[in-house]
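# Chains, contacts and geometry: an overview
Residue strings, one per chain:
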Amino acid sequence: MPATPAEPLHVGDLVIDVHHVPGRKSVRVTVERDARIVAAVPQETDRVALENLIRTRLPWLYSKVRDREAEAAQRPSRRFVDGEGFYYLGRSYRLKVIDGAACPVSLTSGRLHLRRDCVETADDSLSAWYVDRGKQWLPRRVGPWAKILGTLPVDLVVRPLGYRWGSCSNRGALNIHWAVMQLPALLVDYVLVHELAHLHEPNHSPDFWRTVSRGLPDYEIRRDRLEAWGAGVWLPESR
């Protein structure tokens, strides 16, 4: 069953989106890349107890919200004109607007081609191209990591996830944001291992990070690099 949104929780000047998740055993609080605070909680969670838990995390939450807001302010805009750069697997490719192509977007001879009649809908065309690339590339990439961690996902879905890199469902499926296809492969691996580890441990507990480190002993370095990359990744207004 999917998560059920509840009435937002107000703690001081913070607003926390609350989602009741069937089968969840503990509370998970995250700050999304758009600075929204989201609490995934068990069905029976008491709001007073949740508020008290949030208050114990206020210094961390305020710090994280400031970081996210600073990232958003620094995010570069992109124009769909010749020479604009768009990342694919960590490498910047220059855009070239062309006529008469079979596909709206293609990677050809080291250039990212955009068909001229798709410029007005380029947000949709380019994000669809990343989705298609992700569907082809990510399942092959996740397989070896799933074996190392001993967790085989039942499915891998590439789709928009707002400002989240990934998520996992109760049935064991991985959801990966198409925007990860802009990251270097080593950082894509971190996203995949992170979500695979959540199939073992729903929270960012010591056991969770031990699971991550089993696959990626250098996960802290990759996590820091991912934070730095996040501000430069292209996202359309619809995300």
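Residues numbered from 1 in each chain as written. Predicted model: local features only at pLDDT ≥ 70, side-chain atom pairs only at ≥ 80, totals over all residues. Heavy atoms only, no water.

Consecutive residues of a regular strand have side chains that alternate between opposite faces of the sheet. In terms of burial, strand 12 (residues 173-177) is a largely internal element, 5 of the 5 residues being buried. Side-chain alternation along strand 12 places A173, N175 and H177 on one buried face and L174 and I176 on a second face that is also buried. Sheet analysis places strand 10 (residues 155-159) next to strand 12, joined by 5 bridges and oriented parallel. Bridged to R159 within strand 12 is H177. Pairing between strand 11 (residues 166-168) and strand 12: 3 bridges, direction antiparallel. Bridge assignment links S167 to a residue of strand 12, and that residue is N175. In this antiparallel pair of consecutive strands, strand 11 and strand 12, the connection spans 4 residues, and G172 shows a positive phi of 95°. (Buried < 20%, exposed > 50% of the residue type's maximum accessible area, 1.4 Å probe, protein only. Helix = DSSP H or I, 4+ residues; strand = E, 2+ residues; numbered from the N terminus. Pairing = 2+ DSSP bridges.)

Its place among the elements puts T151 in the loop between helix 3 (122-149) and strand 10. Judged by its relative accessible area of 11%, T151 falls in the buried class. Of the polar contacts made by the side chain of T151, one reaches the side chain of H200; its length is 2.4 Å. When neighbours within four sequence positions are excluded, T151 is seen to be in contact with A146, L196, L199 and H200. (Polar contact = N/O pair within 3.5 Å; in protein donor to acceptor, adjacent residues only side chain to side chain. Contact = heavy atoms within 4.5 Å.)

Our next topic: the sheet that holds strand 6 (residues 85-88). Here we have 4 strands laid out as an open sheet, ordered 6-7-9-8, and mixed in their pairing. Only two strands of the sheet have a single partner each, and these edge strands are strand 6 and strand 8 (105-108). Geometrically, the sheet is characterised by an average inter-axis angle of 40° between neighbouring strands, direction not taken into account. For strand 7 (residues 91-98) and strand 9 (residues 111-115), the ladder comprises 5 bridges, and the chain directions are parallel. Bridge pairing in strand 9 links K96 to H113. (Axes fitted to C-alpha atoms, helices over the stretch in contact; angles between N-to-C directions.)

Residues with a pLDDT of 70 or more make up 94% of the chain, whose mean pLDDT is 89. Ranking the elements of the chain by mean pLDDT puts strand 1 (residues 4-5) last, at 66, and strand 9 first, at 97. (pLDDT = per-residue confidence, 0-100.)

The subject of this paragraph is the packing of aromatic side chains. One pass over the structure, following the stated rule, counts 12 aromatic pairs. For the pair W129 and Y130, a centre-to-centre distance of 5.2 Å together with 65° between the ring planes defines the contact as edge-to-face. Grouping residues by exposure puts W129 and Y130 together as buried. Across the ring face of F86, the terminal group of R78 is positioned such that the distance to the ring centre comes to 5.9 Å. The ring of W209 is capped by R223, whose NZ or CZ atom sits 4.8 Å from the centre of that ring. (Phe/Tyr/Trp six-rings, centres within 6.5 Å; stacked < 30°, edge-to-face > 60°. Lys NZ or Arg CZ within 6 Å of the ring centre and 35° of its normal.)

Looking now at the nonpolar core. Among the nonpolar cores identified, the biggest contains 49 residues, and L126, Y130, L138 and L183 are the most heavily contacted of them. At 11 residues, helix 3 tops the list of elements feeding residues into this core. V27, V29, V31 and L61 belong to the second largest nonpolar core, which has 17 residues in total. (Core = buried A, V, L, I, M, F, W, Y, C linked by side-chain atoms within 4.5 Å.)

A few words now on the pattern of salt bridges. Enumeration over the complete set of coordinates arrives at 9 salt bridges. Across the pair R115 and D117 runs a salt bridge whose closest N-O atoms are separated by 2.7 Å. Exposure remark for R115: the relative accessible area of 19% places this residue in the buried category. Looking at D117, the relative accessible area reads 58%, which means it is exposed. For D189, the salt bridge is made with R141, and the minimal N-O distance between the two is 2.7 Å. Of this pair, D189 sits in helix 4 (residues 185-200) while R141 sits in helix 3; the two residues are 48 residues apart in sequence, bridging distant segments of the chain. (Salt bridge = Lys/Arg side-chain N within 4 Å of Asp/Glu carboxyl O.)

Before going further, it helps to spend a moment on helix 4. The end-to-end C-alpha distance of helix 4, which contains 16 residues, comes to 23 Å, matching closely the 22 Å that a straight helix rising 1.5 Å per residue would cover. Burial analysis of helix 4 places 12 of its 16 residues in the buried class, which makes it a mostly covered element. Here helix 4 has its buried residues at L187, V188, D189, Y190, V191, L192, V193, H194, E195, L196, A197 and H198. (Expected span 1.5 Å × (residues − 1).)

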